[in-house]
Amino acid sequence: MDDLTPYLTTALAVARSAGNIIREAFYANVRNAYDSTNIDTKQENHADLVTITDKKVQEHIYETLMRHYPSHKFLGEESTGATKEALADDWTWCVDPIDGTTNFVHGLPLVCTCIALILNKEVVVGVVYNPILNDCFYAVKGKGSFYNNTSLPDHPSTIDASYQRLPLQQPPRALGSNLSLLLGATEYGSDLSHLTLNSKLTTIRRTLSGSDGLRGIRSLGTAGLNMCMVARGSVDIYWEAGFYIWDIAAASLIVREAGGSVVNWTTAPSPPSAQGLPEGHVRGEWLDLMARNAIAVRPASKDSDVDAVVAQLRSMLEPVKLR
């Protein structure tokens, strides 16, 4: 595989410039109240928003990446039908220009841009950047995950020196063998149909009930930041169904490179190109990025604990019929 550092450097630079666009629009929104004519909905769903800023940021990211890597493919939330296509083995940039668009519209500073580079259906570079709070998370396959809330580096030589390795607590806290000591996170999603919402609420009730239920559940309104909180060690376990590949691609690598686990709701068969994951444990399971569901568990010292909490959560998950 090529040296991935130049790709990371480009992704960080693009995240920085995209963040400038998001930040300016965010504070204009806060000061002046967002012009409703700049907001649209997808498939006439009032809860699934897209703004002029989403489109502007994606166009900027696309043009910048294609200028650097014209032979690479591109998947972006605002311009592709990739949800119905097979993910190819080629170099592919996968981008969510603004993850947390509803937060963005309402002035809630939990928004991020997510940039991932995928090869052979595996994420090899991931950047998640919240330009409002100046939180940046990044990972390179085989090199670990890092976090910074001061500034993005201008040069490759400053990347590792200015970032903290994830998880922030070293060594990681013990996970335990059930959910009772854990803080969870999930999302309701934009599909608020009765059937879908009822399935998700059923799972929430199950995970909070009884002496072995979760301590609590948080919803940040963005899959990318939910998963980065898992990588930090601030959230213990996250699950969701209904997102798309661009929502989780970058963050999934950040969790895994921090020593955490990201798997599907049911065990996904791994393709022949899969390699490097430990067999016989949850951490060794292949993640199907196109499956539209995932479970993420924070870094832990014992694989057996991860296996146990994932098995417990899987037994509580109510299947969600996705549209």
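Residues numbered from 1 in each chain as written. Predicted model: local features only at pLDDT ≥ 70, side-chain atom pairs only at ≥ 80, totals over all residues. Heavy atoms only, no water.

*Asks:* Explain the overall build of the chain here, please?
*Replies:* Along its length, the chain carries 7 helices and 14 strands. A buried classification covers 52% of the 323 residues belonging to the chain. Considering only contacts in the chain between residues 6 or more positions apart, those separated by 24 or more positions represent 67%. (Helix = DSSP H or I, 4+ residues; strand = E, 2+ residues; numbered from the N terminus. Buried < 20%, exposed > 50% of the residue type's maximum accessible area, 1.4 Å probe, protein only. Contact = heavy atoms within 4.5 Å.)

*Asks:* When you look at the pattern of salt bridges in this model, what are you seeing that I'm missing?
*Replies:* Using the criterion set out here, one finds 8 salt bridges in the structure. Across the salt bridge formed by E122 and K141, the nearest N and O atoms sit 3.3 Å from each other. Residue E122 is found in strand β6 (residues 122-130), and its partner K141 is found in the loop between β7 (135-140) and β8 (144-148); the two are separated by 19 residues along the sequence. The exposure class of K141 is partly exposed, given its relative accessible area of 26%. Ionic pairing is found between E318 and R206, a salt bridge with its closest N-O pair at 2.9 Å. In this pair, E318 sits in the segment after α7 (303-316) while R206 sits in helix α4 (residues 194-208), placing the two residues 112 residues apart along the sequence. Accessibility expressed as a relative area gives 24% for E318, which makes it partly exposed. R206 sits in the partly exposed class, given a relative accessible area of 35%. Each of R173, D236 and R298 takes part in a single network of salt bridges with overlapping partners. (Salt bridge = Lys/Arg side-chain N within 4 Å of Asp/Glu carboxyl O.)

*Asks:* What should I look at first to understand the pairing of β6 in this one?
*Replies:* Two faces belong to every sheet, and in a regular strand the side chains alternate between them. Most of β6 is tucked away: 9 of the 9 residues are buried. As judged from the 7 bridges shared by strand β5 (residues 112-119) and β6, these two strands associate in the antiparallel manner. Bridge pairing links A116 to G126 in β6. Here β5 folds back onto β6, and the loop between the two strands holds 2 residues, one of which, N120, carries a positive phi near 55°. Two strands pair when backbone bridges link them, and β6 and β7 are joined in this way by 6 bridges, in the antiparallel orientation. Bridging across to β7, G126 finds its partner in A139. Hairpin connection between β6 and β7: a loop of 4 residues separates the two successive antiparallel strands, and N134 in this loop has a positive phi of roughly 60°. (Pairing = 2+ DSSP bridges.)

*Asks:* Honestly, the environment of G142 in this entry has me stumped. Any pointers?
*Replies:* As for its position among the elements, G142 is in the loop between β7 and β8. For the pair G142 and L253, spaced 111 residues apart in sequence, the C-alpha separation works out to 9.9 Å.

*Asks:* How should the state of the cysteines be read in this particular structure?
*Replies:* Covalent bonding between the sulfur atoms of two cysteines is what defines a disulfide. The full count for this structure, using the stated rule, is 0 disulfides. Lacking any disulfide linkage, C94 is separated from the closest cysteine sulfur, that of C114, by 9.2 Å. For C94, a relative accessible area of 1% gives the class buried. In this structure C114 is not part of a disulfide, and its nearest cysteine sulfur, from C112, lies 3.7 Å away. Overall, the relative accessible area of 2% leaves C114 in the buried class. (Disulfide = S-S within 2.5 Å.)

*Asks:* Explanation requested: helix α2 (residues 52-68) in the structure shown.
*Replies:* An α-helical segment advances 3.6 residues per turn. Residues three or four places apart therefore align on the same side. With 17 residues, α2 ought to run about 24 Å at 1.5 Å a step, and its terminal C-alpha atoms sit 25 Å apart, in line with that. The set of residues buried in α2 consists of T53, D54, V57, Q58, I61, T64, L65 and M66. (Expected span 1.5 Å × (residues − 1).)

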